[in-house]
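# An overview of the molecular structure
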Amino acid sequence: MSVPDILTPIPRQWFALIGIDFYMPGTNRQDDQGLPISFPSLRGCVHDVNQVKDFIEARFPNDSRITTLTSTRPEDGAKLPTEEATSWPTHNNIIGLLKKITCDAVPGDLVHIHYSGHGARVQGIHRGEIGLYKALVPLDMGCGGQYLYDVEIKELLNAMVDKNLTVTIVLDCCHSGNGARNFSNEPSDPRGISQIDATEIAQTSSSECDTDRRIDIRKLQDWSTLAESPESRVGRGFRVNTSDAPGFELLAACRVDEQAYELCYDSVWQGVLTYNLLKSLKTGVNVTHGMLHRRLVALVNGSSNRQTPDFMGDSQRYFFSSNRIDNPSVTPITVKKLLNEQYLVLDIGLAHAMLEKNEFAIYPWYESDFSDSSDRPRVRVTEVWPLESKAEVINIGQLASDHPIEPGSQAMSVKSLVLGLPVKFSGYFSGTSRCKFDQLREEIKSCNVQHHLARLASCVTLVSESDRGAAYHIGVENDHYKLLDTADRPIRHFPSSMDPKDFLHSLWHLARFKMCRGLKNTNVPKNLIGKFTFELEVAGEPVPPTTTRYHLNAGTLVNLRFENKSKMPLYLTIFDFGPSWHIEKIYPVDADYRMVDVGSSVSPDGEFEMFLPDNWDPKSPDPIDCFKAFITTHPSSFHPLELPRLSPDGNAPKGASSYTGFELQGLLKDLTPNTLKQLEEDASNTIGRHVQVSNSCRGTGWVTAEIEVCTKPIMENVPNPDDYDPSEEFQDCLEYNGLKISG
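Residues numbered from 1 in each chain as written. Predicted model: local features only at pLDDT ≥ 70, side-chain atom pairs only at ≥ 80, totals over all residues. Heavy atoms only, no water.

### Looking at the overall build of the chain
To keep it simple, the criterion reads: What counts as a helix is a DSSP run of H or I of at least four residues, what counts as a strand is a run of E of at least two, and both are numbered from the N terminus. Two residues qualify as a contact provided that any one of their heavy atoms is within 4.5 Å of a heavy atom in the partner residue. Per-residue accessibility takes into account occlusion by the displayed protein chains alone, with areas from the Shrake-Rupley method and a 1.4 Å probe.
When its secondary structure is counted, the chain shows ten helices and 38 strands. Sequence-distant contacts, at least 24 apart, represent 76% of the contacts inside the chain between residues at least 6 apart. With the model as given, the accessible surface of the chain reaches about 30600 Å², and the carbon-plus-sulfur share is 48%.

### So, the environment of Glu 388
What counts, and what does not: Think of it in three bands: residues with accessible area under 20% of the maximum for their type are buried, residues over 50% are exposed, and the middle band is partly exposed, with areas taken using a 1.4 Å probe on protein chains only. Contacts described as polar in this section are N or O atom pairs within 3.5 Å, which, within protein, must combine one atom able to donate a hydrogen with one able to accept it, while residues neighboring in sequence count only if both atoms come from side chains.
Within the secondary structure, Glu 388 sits in the loop between strand 21 (378–384) and strand 22 (389–395). Assessed through its relative accessible area of 1%, Glu 388 is described here as buried. It is 9.0 Å that separates the C-alpha atoms of Glu 388 and His 352, two residues lying 36 residues apart in sequence. Here Lys 336 takes part through its side chain, which lies 2.6 Å from a polar atom of the side chain of Glu 388.

### With respect to the pattern of salt bridges
To keep it simple, the criterion reads: By definition, a salt bridge exists where a carboxyl oxygen of Asp or Glu is found within 4 Å of a side-chain nitrogen of Lys or Arg.
In total, this model carries 23 salt bridges according to the counting rule given. With its nearest N and O atoms 2.6 Å apart, the salt bridge here joins Glu 708 to Arg 517. Of this pair, Glu 708 sits in strand 38 (residues 702–712) while Arg 517 is found in helix 9 (residues 500–517), placing the two residues 191 residues apart along the sequence. On the accessibility criterion, Glu 708 (0% relative accessible area) is buried. Here Arg 517 falls in the buried class, since its relative accessible area comes to 1%. Salt bridges here are not isolated pairs; linked through shared partners, they connect Arg 517, Arg 549, Lys 628, Glu 706 and Glu 708.

### Structural notes on empty space enclosed by the protein
For clarity, the threshold we go by: For cavity detection a 1 Å grid was placed over the protein atoms alone, and a set of points counts as a cavity when a 1.4 Å probe fits there but cannot get out; an open set counts as a pocket when protein lies on both sides within 12 Å along at least five of seven lines, with lining residues being those that have an atom within 4 Å of a point. Grid points are joined across faces, edges and corners, and a volume is the space filled by probe spheres set on the points.
According to the stated counting rule, one finds seven cavities of 30 Å³ or more in the structure shown. There is about 370 Å³ of room inside the largest cavity. When contributions to the lining of the largest cavity are tallied by element, the ones reaching two or more residues are helix 6 (289–303) and strand 18 (333–338). Residue contributions to the lining of the largest cavity peak at five residues, all from helix 6.

### Some details on the sheet that holds strand 21
Put simply, the test is: One requirement defines pairing of two strands: DSSP has to find at least two bridges between them. To obtain each axis, a line is fitted to C-alpha atoms, and for helices this fit is confined to the stretch in contact; angles are then taken between N-to-C directions over 0 to 180 degrees.
With respect to topology, six strands assemble into a closed barrel ordered 18-19-22-21-20-23, the strand pairing being antiparallel. Between one strand axis and the next, the sheet turns through 45 degrees on average, direction left out of account. The pairing of strand 18 with strand 23 (residues 410–415) spans two bridges and is antiparallel. Considered in strand 23, the bridge of Ile 333 is made with Ala 411.

### Some remarks on unusual backbone geometry
Cis geometry is found at the peptide bond from Tyr 587 to Pro 588, where omega equals -10 degrees. One can find Pro 588 in the loop between strand 33 (582–587) and strand 34 (594–596). Even without being a glycine, Asn 478 presents a positive backbone phi close to 55 degrees. Along the chain, Asn 478 turns up in the loop between strand 26 (472–477) and strand 27 (480–484). You will see that Trp 581, though not glycine, has its phi angle at about 55 degrees, which is positive. Along the chain, Trp 581 falls in the loop between strand 32 (570–578) and strand 33. The class of Trp 581 is buried, set by a relative accessible area of 2%.

### So, the packing of helix 3 (residues 91–104) against helix 4 (residues 150–162)
Our working definition: An angle below 35 degrees is read as roughly parallel, one above 145 as roughly antiparallel, one from 65 to 115 as roughly perpendicular, and any other as oblique. The hand of a helix crossing depends on one turn: near helix anticlockwise from the far one by less than a right angle means left-handed, and clockwise means right-handed.
One way to put it is that helix 3 packs onto helix 4 with a least axis distance of 9 Å and a crossing angle of 15 degrees. Overall, the two elements helix 3 and helix 4 adopt an arrangement that is roughly parallel. Crossing angle aside, the handedness with which helix 3 passes helix 4 is right-handed. Between helix 3 and helix 4, the residues in contact are His 91, Ile 95, Leu 98, Lys 99, Ile 101 and Thr 102 and Glu 152, Leu 156, Ala 159 and Met 160, respectively.

### A few points about the pairing of strand 27
As a general feature of sheets, a regular strand has side chains that alternate between the two faces. Here strand 26 runs beside strand 27; their pairing, made up of five bridges, is antiparallel. Across the sheet, Ile 474 pairs through a bridge with Leu 483, a residue of strand 27. Linkage of strand 26 to strand 27, two consecutive antiparallel strands, is achieved through a turn of two residues, within which Asn 478 is found at a positive phi near 55 degrees.

### A look at the sheet that holds strand 26
Spatial strand order, 25-24-26-27: four strands in an open sheet with mixed pairing. Edge positions in the open sheet fall to strand 25 (460–462) and strand 27, since each of these has one partner strand only. Neighbour-to-neighbour, the strand axes of the sheet open up by a mean angle of 40 degrees, direction not taken into account. Contacts from helix 9 reach strand 24 (421–425), strand 25, strand 26 and strand 27 within the one sheet, and its direction differs from that of strand 27 by about 20 degrees.

### As for helix 3
Since there are 3.6 residues in each turn of an α-helix, residues three or four apart along the chain are aligned in direction. Condition: Helices are assigned an expected span. That span is 1.5 Å times one less than the residue count. The directions from the helix axis to the C-beta atoms form the arc being described.
Under the 1.5 Å per step criterion, the end-to-end length of helix 3 is 20 Å for 14 residues, consistent within 8% with the ideal 20 Å. Within helix 3, the full set of buried residues consists of His 91, Ile 94, Ile 95, Leu 97, Leu 98, Ile 101 and Thr 102. Buried residues of helix 3, seen end-on, are gathered within an arc of 155 degrees and therefore sit on one face of the element. Facing away from the buried surface of helix 3 by more than 90 degrees, the exposed residues are Asn 92, Lys 100 and Cys 103.

### Brief notes about the packing of aromatic side chains
How we decide: Side-chain rings of Phe, Tyr and Trp, where Trp is taken by its six-membered ring, are said to pair if the distance between their centres is within 6.5 Å; with planes under 30 degrees apart they count as stacked, over 60 as edge-to-face, and otherwise as tilted. Placement of a charge over a ring requires the Lys NZ or Arg CZ to be within 6 Å of the ring centre, with the centre-to-atom vector within 35 degrees of the ring normal.
Under the criterion given, the structure shown has 21 aromatic pairs. With a centroid separation of 4.8 Å and an interplanar angle of 35 degrees, the aromatic rings of Phe 630 and Phe 638 are classed as tilted. For the pair Phe 630 and Phe 638, a shared accessibility class is recorded, and that class is buried. An aromatic cluster of at least three residues, connected via ring pairs, comprises Phe 15, Phe 55, Phe 60, Phe 319 and Phe 320. When the ring centre of Trp 14 is taken as reference, the NZ or CZ atom of Arg 65 above it lies at 5.5 Å. The ring of Tyr 343 has Lys 390 sitting right over it, with the charged end atom 4.5 Å from the ring centre.

### Things to note about the nonpolar core
As a reminder, the rule being used: Think of a nonpolar core as a cluster: buried Ala, Val, Leu, Ile, Met, Phe, Trp, Tyr and Cys residues, connected wherever their side-chain atoms sit within 4.5 Å.
Core analysis: the largest hydrophobic core is formed by 47 residues, its most contacted members being Ile 113, Tyr 115, Tyr 147 and Met 160. Among the nonpolar cores identified, the runner-up in size contains 45 residues, and Val 418, Val 423, Leu 510 and Leu 519 belong to it.

### Some thoughts on the pairing of strand 1 (residues 13–20)
Among the eight residues in strand 1, eight count as buried, and that is most of the element. Every second residue of strand 1 is oriented toward a common face, with Gln 13, Phe 15, Leu 17 and Gly 19 on one face and Trp 14, Ala 16, Ile 18 and Ile 20 on the other, all of them buried. Both strand 1 and strand 5 (residues 110–116) contribute to a ladder of seven bridges, which runs parallel. Its bridge partner lying in strand 5, Ala 16 is registered against Ile 113.

This is the structure:
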């Protein structure tokens, strides 16, 4: 053991467990219609806390600093809970507990907060400003108590983060306030009310939550704002400057437009989230927040559509730890549900560029090593729906008995095909070129018969020398393969290679980029047409769209703004398709998607600085970034679309992504007309089939919106202005037909 190891203290674990079954009776609250509000007592919240406490004591027998605040229902009809008043979950007791933990903990310690009880929406006053808040409901709200607002919780958590504490908060409560929906006849209780509390309340005093922070109330419309984690991110072609991540993770029982429920499990009532959380933690020891969230979504939402667990924060951090996973770039697909012993549903569909006949290896939900798929069960996609896919088990695998396929299992691609880019060999032939062309042909044939390399064989479609339908030419210079345009001019910064397989890897990367870039729903639901706006802003003002694309000088600071004009919540993810053939998620940075409520608008935190890549020169075409928004009517993760940069030095990625095949009806103009027509027919038939099975496949609505930005140099910064030709057409794969804003 080294000296630093001896001197480094072991982080301590602090637990604040809050469970409220009994709510004191009273009717001194009213909604915006003047009707009285009361909070009915619950049945499983104290049991939640007791079960979590038992689990923690078993997991950390020598290091568990646990404090509980509970309110148990009295059996004799009394008007007070059975616990001593010092252990009641009142507003002051909850704040006092969290402040005490912040005071007693030392930098590096871990804090876990678990709340089970009612959640509510409140029209309230905080520091003189009126807003619609989300709030936890202490036991005495009906008789003079005070809500614990989201702004207060955020301030308390920020104080912990400022002290370098690692924090996880679990909220097993409603945070939307919408009425319960009767999806089944199964007995259940919602942990929330259908009304908005509009009772005039006193302003929260600074003594109750002392902080110098000023909260922007306009951004605090749901629990997701507690864990918004803006990060300093650098993209190719733009740069965003924002504050550091907050350092805490939030796991919520449901989305903003849903309610959290408690059910009776083996004759004992318990919260649906807490029950499945403990069930998962007992089977997976070293699991990340991301693994756990995907598992919970599959368990909770797969069996019922009533609630969908939500997560914001660092998905790569291990639960009960400050450490992060070693391979954060790998994010698998999730098995959403099992239809029977032969078929299952994956959480990826047409909107994610899924294709029938792709194959996946299945791993346990808690697995982090995906290096060997030889003994894993395998599935093949048989039907593709808008946001999901149906897959058939084709090989049970030798490890299936120890690790059976279940909801939340992870799927990693083992066979994925792309539609080949139409290419032909350059018209200039020398003896060396012909030899290299023959080698490339043979490599394509070899890859075609090797299961794990089939995707490389599919990335190009060789056309005859006389065919004018080719999108690119392939040439040879100094024994290196080079990608050329149709006029035999080299595609700038595309990696050349002596090895045919390496060159095919680069071509596959280009083919995948173009397919994802061309994703478009040709059957947009009527409830999404004209129901949102997606705008570019400069200096806080929207920029009128041009007939082609936006042209901005290097150094310009921009932002994006999305507004939901529909009558339902929409789910938003924004990517940057950059000039280095990369696809990077830029919003949200801390979650798979962001829910945008009815009538609300959102923007990424901070601004994006448009800049020229380091390898830009005056003879290069101006870089173009396409900001592409994916909008859905149901939550869906678009992480499979992410693609690393294609380095011009020849170090092309070798398919590290979890999903490596992308093909859909919205391919770009370089596809041959007959092939494109056939794809559109196939996609139309697929969507038609989905409409017929909509009862078994949740979520049919998705649409995309795009904003293209061309970054221009500032002329005084160009060394040789005579070499710069602003009229030069962009020769490579980023030439499109102009600005397109869907919706």
